[in-house]
Structure formats: C-alpha cells, structure tokens
Amino acid sequence: MKLVSVSDDRSARIWEVQAEKGVSCNDVQDRDNHFAGSVLFGHSARIWDCCIFDSLIITAGEDCTCRVWDHDGRELKEIKEHIGRGVWRCLYDPRSSLLVTAGFDSAVKVHQLYAYKGLEETIASEDFSDKHEVFALSLPNLSGNVQLMDSKSEYVRCLHFSREDSLYVATNNGYLYHASLINNKTVRWTELARISEEAPIICMNLLSKRSKSSDGFEDWVAIGDGKGRMTIVLVVGIDSSPKVDFILTWPAERERHLLGTYWCKSLENRFIFTADPGGRLKLWKLRNNLTSDSLIGRASYDMFLIAEYASCFGMRIMCVDASFDEELLVCGDIRGNLLLFSLPRDLLCSTSIAAGVKASPVNYFKGAHGVSSVNSVSISVLSSDQVGIRSTGADGCICYLQHDRDLLNLEFIGMKQVKELSAIQSVFTSDRSDDSSVGDYAVGFASANFIIWNLSSGTKVLQITCGGWRRPHSHYLGDLPEMMNCFSFVKDDVIYVHRHWVPTNDRRIYPQNLHLQFHGREIHSLCFISGHSLCSSDENQALVSDPSWVATGCEDGTVRLTRYEPGLENWLSSQHLGEQVGGSAVRAICSVSKMHIFMPDIPTEVDRQNGTLEDRDPFILISVGAKRVVTAWKQIINMSNKREGTISSEMDKKNENDFKGSSTSTMSSFSFQWLSSDMPLNHTSHLKRQNAKEVTETAESTSTNTSDTISTKLLSSNYMTMESNLCPEDNLENDWRYLDVTAFLVKEAGSRISVCFVVIACSDATVTLRALLLPCRLWFDVASLAPISSPVLALQHVVIPKLLPSKGNIQSGSFYLAITGSTDGTIAIWDLTECIENFMRQVSGLQMENLMELQKRPRTGRGSQGGRRWRSIDHHKAKKKPEHCILRVKTCTDSVSTGKSDSGNEIESIASETSLSGTSVADIPFQADTQQASFVSGRRKDDLLPEISVLAAVQVLDNIHQSGINCLHVSDIKDLSLSDSRFSFYVVSGGDDQAISCLRFELQVNPMDENSQNMTAVNHCTTLPLAKNNSKDHFLVQKHQMQVFYLDKITSAHSSAVKGVWTDGIWVFSVGLDQRVRCWNLSNGRLTEFAHLIISVPEPEALDVKTCGRDHYQIAVAGRGMQMIEFSGI
C-alpha cells in the first residue's frame, strides 16, 4: 500500500506501507517503512491537500496551483486558475476523469483530465486530451535533408491558418506553400507559387471566404516582400485540394519599407492596407472586382492607391480595423497609441480613378497600452451616434474606448488586465449563447507559453510551450475553443502544429465553475449600491424581493460588484470591475448617489425629504488604497438583455460567473466602468504634513477673531529650505496609503459641470479635500485638513440644507461638514462649506468646450503606463514649444490658480493632478500640446505642492475612545422643527477599546445671519481656531449653533476590537473581531442590545447595512470572506 504526504516544505513524498492481515499496529511500527519514490517538488509554497491513485498523484498548494504527477515524480500537468491565497482542497474521480478543486477565492472548479476510462493505463504525456494531435512538419525542399543552415537555406517567415486543416507557409526564398493536415497526422504539401526570387517574404495576411458550396473555399493571401512589392494570390478549391486562381503583383513601398499588410473583413477582398516604418498606412482598391458570390474567374485586375493615412506619432502601424457603415478606420501602432481616421463611403464606392487622398487622424489616444505594442483592434456599434473600440496589446491588457461621431472625441471607458498573459494577441468572441461559460477568450503569450484564457469563467483553455511570440506562429479557433483550437509555431526548422478538434455533440465544456469566483484575499471595505426601487413601499412587508448589489475592495487591489437575492443561501453572481494602479490594496470604498445643488444667488424650492433637486447624473463609486491611489467608477445601465458584441456587453461578461445557470440579463444591465484614477506627486504628503503642523501651531497660538484661511502660499518662503529635508522622507512614500474615504456630489443649478468632492485620510496623518470635475475628469486639490495629533482611521461627511423658514422653507445653500476619528480616540468636526462654495464659484466660470480629459487611462504598474517614456517621446518629437491657452472665468476674484509662477518658472505637463485655490488670479493658464491638440494643466517643476487652503478643525471631542477609532457612521439628517430650522443626526463610533459610543448633533440655523451671508462673497474658507474640548457641548458652524449630546457608551460592546458600525437613529449594528454582529436599539438616548449573531467570516473588517423597509435590514459583513444577514426588528 502506498501513501503520499505533503508538508509546508513545498514537497510531496511517497511512502510504501507493508501491512499484513492480523498484524497489530505496534508490530508495524517496529518495521522499517521504506521511502518508495522520489520527492515531488514543484510547488512554490506550502501544499495543503493531495490524493493518490494507481498511477496518479494530485497535489494542491498555497501557490494557487494544482499539479498532477506520476509515481516516478514527473509532473504531468499544472492547473493554475484560482486566485488569492491558495487552493485548499482537491478531489479526483478516476471513472469520469474529473478533477475538482476549491480555493480561497470561493470558487469550485471542475477539470477534465481525460475522456476515456483506464487513464491509469494509458497516461504517458503532458496532454490528457483524447483528440489532441501534434504534427511535426518540414518544408518540402528540406524533407529528408538534415544539414547545417547557411545564408541560402530556406526557412519559414510567416504562418497562417485558414481552417483547422489548412495552413499557409511563406519562406525566405519567396515560396508560398499550402499544407493540408490529414486526420492520421499525415500532411499533403502543395507549392502554390514563388512570389519573389530576389527578396524574402516579409509579411503575410489572409482573408478566407466560404463559397455557397459547403465544401468550396476561396482564400485571399496577401504577401509583401523585401523589395516593397505586394502580391495577392487567390487560392480556390474543394475539400483539401487548393489551386491558384490568379496572382496580382504591384509595387507598394520602397525597398525594405513594406512591413505589414492587412485585410478587413468589413471591407472584404476589395480593399487592402499596407504599412511602412514611418507610421504611414496606404489603402489600395482592387478594381473591376466581381460582386457575385461565385468564385472569381480569370480576369484582369488592377490595384489603385485611393488613400494614404499618416500617423501623428510617426510610429509603425501594427493592426487596423475598418467599418464601412460607420465610415471609420482605427489603427494601433508599435508604441501603444490608437488613431482614428475618417473612411468616407464616397471614397470607397467611387468608380473614378484619382490620386491617393492624404488624411490625418480625426482623433487619437496616446498610450492606450503605454509604450507596448497594440496587437489588435476591433470596432463595434454602441448606439446611433457612438462606436465602441476594443484593443489588445503587449502589456497584457484589453482596453475599451468609446468614440462619439458627433463630438469626434475618444473616451477611455474601461480596461481588463489579464494577469495570466504578458501579451494579448487578440480576443475571440464565441457565437455560442446557449452556455453561460462561453464568451470571450484572450489569446496571447506568457513568457515562452502560448495560452488561451476564458475571460468569462476565468479558466485556462490551452497552454503550449512554444518559445514566445517572436517566432512565426498562427492560431485558429472554432465556435468552442475548449474543444476546437489549433496552434502552430516554428522551432529548429520544424513546424509544430497542435490541433484539438472535437465535434461538440452533447459534451460538456471543461474546465467550468461550480461556484462563483470571488476575491482571493482579505476584503477591507464594502458598501451597498442602490439600484432601482430597492426599498419597499409596504412598511409591513417582511423583506423586499429586489436584489441587492454590494461593492467590495480587496487586498489584491480588485474591486468587485456582487449580487445578492433575498431568500437565497448563496450569492447570485460576482462581477470583476477592475483593479487599483499596480494592484495596490483597496483599503476603503464608498458610493456617491445623491446630488447636492449649489445655488450661489437664487434660492430654489426643493423637496424637503431629500434636500436636493432631482438629478440624473451618474452614480459614482470611489475606491482608495495603498500607494495613495484613488479611483473613480461610473455606473452604466444597459437596458438591453441581448448578448450583443458591444463594449458594454463585453465588459459585463468579463469574469462574470453565474451560480447554477442563473440568468445574466439583470446583472449585465447594471455595472460600473472605470472613470478616472489619480496619484499625487512625490513629496506632496510630506510637505502637507509639515505645513499643516505649522498651521496648527499658528491656530493654537493666535487669539484674534480673524477668519482668514491660512494658505500654503504663506509658507513659500520656507519652501526651499525644507526641500533638502524631503530626501529622507522620499523613501517612505511607497509605504504611505489611504486609510478611508468619503465623498459627495455637488452641482450648480443649470450647469453641465458637476463636482465629486472626495475627503481622503492618509497614513501620514494628513486629510485632504479633493475634487473630481465631471465630465472632464480633472482632479483638483481643494483644501488640506490640518491634522490634530494622530492619523485619521475613519471618515464621514454630513450635508445639512440651509432653509429660510421666513420664505416658505426655501433652500439657500448647504452646510458641508466632515467628521473624522483618529488613532488617539478623538473625533473632530471640520467645516468645508466655504471652501466648497468658493470652488463651485470658480468652476462655474470654466468653459466646457475648452476642457478635455487629462488622464486617459488607469496605470497598471506592469510597465504599460508610459510615465517617463511618454514625456521623453514628447520631448524628442516636439518641434515647437507648447502654446498657452487662456481660459477666462466669470469673475476676477474667483479663479483657478495653476500654471506658471510670477518668477517665470518652467511649466511641466503632468496630467495627473491640478490645484484650485481661492487666491486671486485673473487668468487660467493651460498648456496645449500642438502635436496632440489636447489640453493639460500646468504645474511648476519647483513647486512640489500645489497651492491649497489649509483648514483647522472647528471642534475636537477628546476621550471618545481610549484608543484608535476604527469606524464611524452618520445617520440621515432629520428635521426637528419646521419653524426654526433645527436639524439633528447621530454619530456612532467603534474602536480598539471594544467600545461603542453614540453622539447626537443638533444644528440650529440662525435666520438673522443668512441674509448677510448670502450678500457676502468671501474668497477664503472660514474656520475657528483649533480648540481642545473636554466639557463643552456646543460650538459654532458658520455662525450657527451646533450642540453635541453624549448619549451613551458601551465600554464592552464586543470582546475584541470593533471594526464596523452603522446606524439610522433607531437601530445600531456593529461587528468586531470576535466574529459577532450585534444589534442595539437606540431608544431614549440609550443603547440596548437587542440581538447578536455569530458569523462565519474570520477577521471581519467592514460592515454596511441596507434599509429594506420599516425595521427590516440587510447586513453585509466582509473580512476573509463576505456574509449577508437579514434582520427584522419586529
């Protein structure tokens, strides 16, 4: 009997135990059980599980791999499809040859190792497929001749599949061959033509068409040689008997300048493109082409140049796609840029012969794939006026863009980073819609391996070691790539063809998921996403039947949107939205749905329930995390339930796994797409911290009643002396991270510009108020909140309406407050009102037509973000200095402060961050790149810190907790009195001291001060000096009285640290590291425990609650997993 053992030493060992009937265990222990086999060593981390059979050993480890071995210690197969912290369990059934794996990512995956019984007797290779064929081909002229190669030897330059049994081969000697692959691994070679005797073949492309006859075909083969000549060969035939119908040759480029040739399926065989090294693309038209579907006869055909397209980057074009209906041409070059050209229908349909039209790009996108080559582009129709563009590149990313035909803009709307591939050649979309596991497939390379990856199920379809993408290669996929795939490559003068072609019949596709895939690491934050009519109108209804969506952020940097259906025991589906820059951990996430209206002059009647005007602006999701990365996501709603080949449907299908065949129509109609990402420049946080400390000291030592804002411009004299002290801190910047975030939307009535204000707490003890200008995607630093004494761990905001009771409760504005909880147990209140109002006044003067997007795409951290290479390319390519475009504002006192300083310091174009302040500057300088025709904000090279206002807290509440405050939550605003405009809200907090504290704030608006405030426009923020408070229970906010009531404090609410709290003023929910969710009733100002529940989520870190009706709630808890709890207080 054989046993296998696995251990933390990353190895598996085989032991032979000799046991006889009737022999006791003590007798067996006295015998020497010898080691029977070699050590199975291949895992890079500890091994968790194993199973052994007659000739197979299977191990699963923490490196997220499951490996199959034979008893001699040889590794037969590696399966790596789980993510996160590892594969926990593996199970194999030899009768069905099915392997089941389960991992930390909650996924249960099924793999088929072999299709027949008797696997143990027949297994002998790395491939377990019953229909896998491997061909080893040699060129006809080299068959049987084994000799060393010299300068005259023939070798393969290009390969191209036309069908699963048809392969075209072009050589350096100018020959074009056709190889027919027979089922019994035999090959029939056909020499079609010798294209060139003087120069080698450089490039080849193929357009295959099926004739009306099921067995007939016609293949249009385009070949370019080193002399710059293009040749089109029409190959026709029936079954596997090809013959040449006609050959057409013409000079297309200068010698050694023809590098690429491309067909477009939408243009069929009437048009072909050629590319040269300088970024020029020529469009050729085949004249007198027959329009019938029959095979073309032997007639005289000529090729004419009808258009020439020139890239503004001067880089070689690598791929093209054209749309006849949309009159659009999209190109991708070798440096990651995308270009859009106009392709007029009149030009294509014209019968007159004219000189080639020279065209320039109508728009472009610089660095869509960083500095990596674009490998493929495709066009799809989104709507009547919008076109979707999908591109793949050598950076391992799939980019999605949107082009508006009316505005002629090009907008980046999303990106999928396939970590399993270092270079993606193309994306294949299957036409099969009867199986949810069939969708999009990424085809590319990872090091020396060719890989086909199922984007819908997150599984590896095929992996073949070939030596990398630089070798001549070709692939061909059928309707089901899991069963129909071909790949060929060249190695040592031998053409290897791997073909796996199985009739579909009723066979199931493997691998497949039995349980949806989720995060593979710890979840740090989550929030509910409000959908359509989530709350029930019937207060007596126990639970609403509408589904819930939960957004989660994880340690691995991913953001997911998960759907929950009430009454089900499992999550319904989980969709991968994207990742932070470089996969940095997501520490906090928040949703922004309510739009607050800014009314500088005219009060407006509003709904008393929401306090805001009705607004249809998009829903925003904000995520922050390590490396000081903040990312914004925009909600998209697709009302169509059809599986169309559009950008929206493609992005919805990515990594979307439905549990037990659930319908995807509802999930695909609700999703998010990437909107913008931002990272501050170096030294920024350190300088803010130094300046904030000086501001705090100044505020504490000043006894005057001045209300002027302290700006960092006052500290500019000390800036140069501080610069030398920044160097030691620079090494610590990679360790700084954002700890928490809260955000709200503000929009001026009647304006097209809305602003998402984001308050972010950083680990370097700074809190910053930032603004995302929409739809321009401009990031601004608005204000810096001077830290008290410790870093802030928890953030919340409150927006209270300003009402005029004397005028029928007309809203005249809003109070914007931020509430922070620190590591020293203090809670601070910050007044952001005047900073936000000043910012909105300044923004209202910007002209939308002069603003364009600054940051175009999220950075991936894999060398594809461009960065220094982008600027170096601009530096070498720009012939002229950039011109400055001045954008005027409506007023002279409120303006944007950016650009060139008074001392004439040089401006550097960095499109990642812009600053806005309340200083008086008459103009807004922006830097316009004449080569790109896009606007980027100016930034001084010697100003590492933008000029922003620094605020001091209006009140600090000490000793709320004995140690750090881990979580805060603020209830909704309630009107206490309609006559005197009194508002109240509750604040609950939980800390490391295991306590829960509850406070109530009341704000009474003084109507006597409102008229004077509305008549005065102040260009700075108003705050009171920082005051330590031990016993006071009231303070002023904008000259209005704010009272604080200390309601209750439960000193031992949990037996461990409290990690999440929530309240609506009636109920309080909390979760701690003791894995308990506790419900507290807040009545008569006291917290009374109502119920508690032990949860199955280890190390919970976050909690959020959704109100489903009166006393009915859904509670989501996240940590090392996620759990949903339904609560009813009735």
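The structure presented is a predicted model; accordingly, all values stated were derived computationally and were not measured. Every chain begins its residue count from 1, and numbering advances along the sequence as written. For this predicted model, a pLDDT threshold of at least 70 governs which residues receive local features, and a threshold of 80 or more governs which side-chain atom pairs are given and counted, while totals over whole chains, interfaces and linings are taken from all residues. In computing side-chain values, all of the structure's heavy atoms are included and hydrogens and water are not.

## With respect to the overall build of the chain
Scanning the chain from terminus to terminus reveals 11 helices and 79 strands. A burial count over the chain gives 57% of its 1130 residues as buried. Throughout, the Shrake-Rupley method with a 1.4 Å probe supplies accessible areas, and for residues the shown protein chains are the sole cover considered. Of the roughly 47,000 Å² that the chain leaves accessible, carbon and sulfur atoms contribute 47%. Helix and strand definitions follow DSSP, with helices as H or I runs of at least four residues and strands as E runs of at least two, each counted in order from the N terminus. Only protein chains enter the accessibility calculation, which uses a 1.4 Å probe; a residue whose area is less than 20% of its type maximum is buried, one above 50% is exposed, and one in between is partly exposed.

## Digging into the environment of Gln-1075
In this structure, Gln-1075 sits in the loop between strand 74 (1067–1072) and strand 75 (1076–1083). Here the alpha-carbon distance between Gln-1075 and Gly-1119, two residues 44 residues apart in the chain, equals 9.9 Å. Under the rule applied, a polar contact is a pair of N or O atoms within 3.5 Å (in protein, one hydrogen donor and one hydrogen acceptor; residues adjacent in sequence only if both atoms are side-chain atoms). Within the local environment of Gln-1075, its side chain forms a polar contact with the backbone oxygen of Val-1097, the two atoms lying 3.4 Å apart.

## Let's talk about the pairing of strand 72 (residues 1040–1050)
Here is the key point about a regular strand: its side chains alternate between the two faces of the sheet. We treat two strands as partners when DSSP finds at least two bridges between them. Pairing analysis gives 9 bridges linking strand 69 (residues 996–1004) to strand 72, with the strands arranged antiparallel. Looking at the pairing, Ile-996 lines up with Ile-1050 of strand 72. Counted between consecutive antiparallel strands, the loop separating strand 71 (residues 1034–1037) from strand 72 contains 2 residues, among which Gln-1038 sits at a positive phi close to 55°.

## What about the sheet that holds strand 2 (residues 11–16)?
One open sheet accounts for 3 strands, arranged 1-2-3; its pairing is antiparallel. Looking along the sheet, the strands with just one partner apiece sit at the ends: strand 1 (2–6) and strand 3 (40–41). For strand 2 and strand 3, the ladder comprises 2 bridges, and the chain directions are antiparallel. Residue pairing for strand 3: Ala-12 is matched across the bridge by Leu-40.

## Remarks on the pattern of salt bridges
One side-chain nitrogen of Lys or Arg within 4 Å of one carboxyl oxygen of Asp or Glu is enough to make a salt bridge. Tallied over the entire structure, the rule returns 30 salt bridges. A salt bridge links Asp-219 to Arg-163, with the shortest nitrogen-to-oxygen separation between them at 3.4 Å. Placement of Asp-219 in strand 17 (residues 216–225) and of Arg-163 in strand 12 (residues 156–163) is noted, with a sequence separation of 56 residues between them. When sorted by exposure, Asp-219 lands in the same class as Arg-163, which is buried. For Arg-841, the salt bridge is made with Glu-837, and the minimal N-O distance between the two is 4.0 Å.

## Re the packing of aromatic side chains
Aromatic rings from Phe, Tyr and Trp, taking only the six-membered ring of Trp, are treated as a pair when their centres fall within 6.5 Å; an angle between ring planes under 30 degrees marks them as stacked, one over 60 as edge-to-face, and anything in between as tilted. Considering all chains together, one arrives at 33 aromatic pairs under this definition. A ring pair is formed by Trp-1067 and Phe-1090, whose centres lie 5.0 Å apart and whose planes are at 75°; its orientation type is edge-to-face. Of this pair, Trp-1067 sits in strand 74 while Phe-1090 sits in strand 76 (residues 1086–1094), and the two are 23 residues apart along the sequence. Taking relative accessible area as the criterion, Trp-1067 reaches 4% and is therefore assigned buried. Residue Phe-1090 is classed as partly exposed on the basis of its relative accessible area of 44%. Charge-over-ring placement is defined geometrically: NZ (Lys) or CZ (Arg) within 6 Å of the ring centre, and within 35 degrees of the ring normal. The ring of Phe-217 has Arg-163 sitting right over it, with the charged end atom 4.0 Å from the ring centre. Here the guanidinium or amino end of Arg-345 rests over the ring plane of Phe-324, the centre of that ring lying 5.3 Å away.

## Section: unusual backbone geometry
Residues Leu-774 and Pro-775 are joined by a peptide bond in cis, for which omega reads 5°. Of note, Pro-775 is situated in the loop between strand 54 (767–774) and strand 55 (778–785). Positive phi, close to 60°, is recorded for Ser-447, a residue that is not glycine. Relative to the elements of secondary structure, Ser-447 occurs in the loop between strand 34 (440–446) and strand 35 (449–454). In the Ramachandran plot, Asp-492 falls in the positive-phi region, its phi being about 55° despite a non-glycine side chain. Relative to the assigned elements, Asp-492 resides in the loop between strand 38 (484–491) and strand 39 (494–501).

## Focus on the pairing of strand 77 (residues 1102–1109)
Of all 8 residues in strand 77, 7 are buried; the element is thus mostly enclosed. Bridge count between strand 77 and strand 78 (residues 1112–1119): 7 bridges; the pairing is antiparallel. Considered in strand 78, the bridge of Gly-1109 is made with His-1112.

## Digging into the sheet that holds strand 78
Strand pairing in a sheet relies on backbone hydrogen bonds. The paired strands run either parallel or antiparallel. Strand order in this open sheet of 3 strands is 77-78-79, and the pairing throughout is antiparallel. Of all the strands in the sheet, the pair left with one neighbour each is strand 77 and strand 79 (1121–1128). In this sheet, neighbouring strand axes are inclined to one another by 20° on average, regardless of whether the strands run parallel or antiparallel. Orientation is described by lines fitted to C-alpha atoms, with helices fitted over the stretch in contact, and by angles between N-to-C directions that extend from 0 to 180 degrees.

## What about helix 9 (residues 833–843)?
With 10 of its 11 residues buried, helix 9 lies for the most part within the structure. Buried residues of helix 9: Thr-833, Glu-834, Cys-835, Ile-836, Glu-837, Asn-838, Phe-839, Met-840, Gln-842 and Val-843, and no others.

## Thoughts on the state of the cysteines
Linking two cysteines covalently via their sulfur atoms produces the bond known as a disulfide. For the purposes of this analysis, a disulfide is any pair of cysteine sulfur atoms at a distance within 2.5 Å. Applying the stated criterion across every chain yields a total of 0 disulfides. In this model Cys-756 remains outside any disulfide bridge; the closest cysteine sulfur is found in Cys-590, 7.4 Å from its own.

## Here's the deal with the environment of Lys-974
Mapped onto the fold, Lys-974 is located in strand 67 (residues 974–977). In sequence terms Lys-974 and Ile-800 are 174 residues apart; their C-alpha atoms lie 9.4 Å from each other. Contacts were defined at the residue level, with two residues in contact if any of their heavy atoms lie within 4.5 Å. Here Lys-974 is in contact with Arg-982, Phe-983, Ser-984, Asp-1064 and Gly-1065, once residues within four sequence places are set aside.

## Remarks on a nonpolar patch on the surface
Candidates for patches are residues over 30% relative accessible area with no salt bridge; among them, like charges are joined within 9 Å and nonpolar side chains (Val, Leu, Ile, Met, Phe, Trp, Tyr) within 5 Å. On the surface, Met-1, Leu-3 and Trp-15 cluster together to form a nonpolar patch covering roughly 310 Å² of accessible area. Its location among the elements puts Met-1 in the segment before strand 1.

## Re the side chain of Asp-404
Structurally, the position occupied by Asp-404 is in strand 31 (residues 397–404). Buried and unpaired, Asp-404 has no salt bridge, with Arg-405 as the nearest side chain of opposite charge at 7.2 Å. Asp-404 has contacts with Asp-385, Gln-386 and Asn-409, leaving out every residue within four places of it along the chain. Positive: Lys, Arg. Negative: Asp, Glu. His and the chain ends are not part of the count.

## Here's the deal with the nonpolar core
Throughout, nonpolar core names a set of buried Ala, Val, Leu, Ile, Met, Phe, Trp, Tyr and Cys residues whose side chains join them through atoms within 4.5 Å. Of all hydrophobic cores here, the largest spans 35 residues; its most connected members are Val-755, Phe-757, Leu-769, Leu-773, Leu-832, Ile-836 and Phe-839. Mapped by element, the contributors of at least two residues to this core are strand 52 (738–748), strand 53 (754–762), strand 54, strand 55, strand 56 (792–804), strand 57 (810–822), strand 58 (827–831) and helix 9. One finds Ile-379, Val-387, Leu-577 and Val-586 within the second-largest nonpolar core, a separate group that totals 32 residues.

## Describing the confidence of the model for the chain
Do not read the fine detail of predicted coordinates wherever pLDDT is low. A score from 0 to 100, pLDDT tells how confident the predictor is in each residue. Taken residue by residue, the chain gives an average pLDDT of 75. The fraction at 70 or more is 69%. Per-residue pLDDT stays below 50 along residues 603–615; that stretch engages in 28 contacts with residues further than four places along the chain or on separate chains. Ignoring residues within four places in sequence, the model shows residues 863–946, a span with pLDDT below 50, making 204 contacts including any to other chains.

## Examining the side chain of His-969
Within the fold, His-969 resides in strand 66 (residues 965–970). Only 3.2 Å separates the side chain of His-969 from the backbone oxygen of Thr-1063, close enough to count as a polar contact. When residues no more than four places from it in sequence are discounted, the contact partners of His-969 are Gln-796, Tyr-986, Val-987, Val-988, Val-1061, Trp-1062 and Thr-1063.

## Regarding the environment of Glu-191
Structurally, the position occupied by Glu-191 is in strand 15 (residues 187–194). A C-alpha to C-alpha distance of 9.8 Å links Glu-191 and Pro-242, two positions 51 residues apart in sequence.

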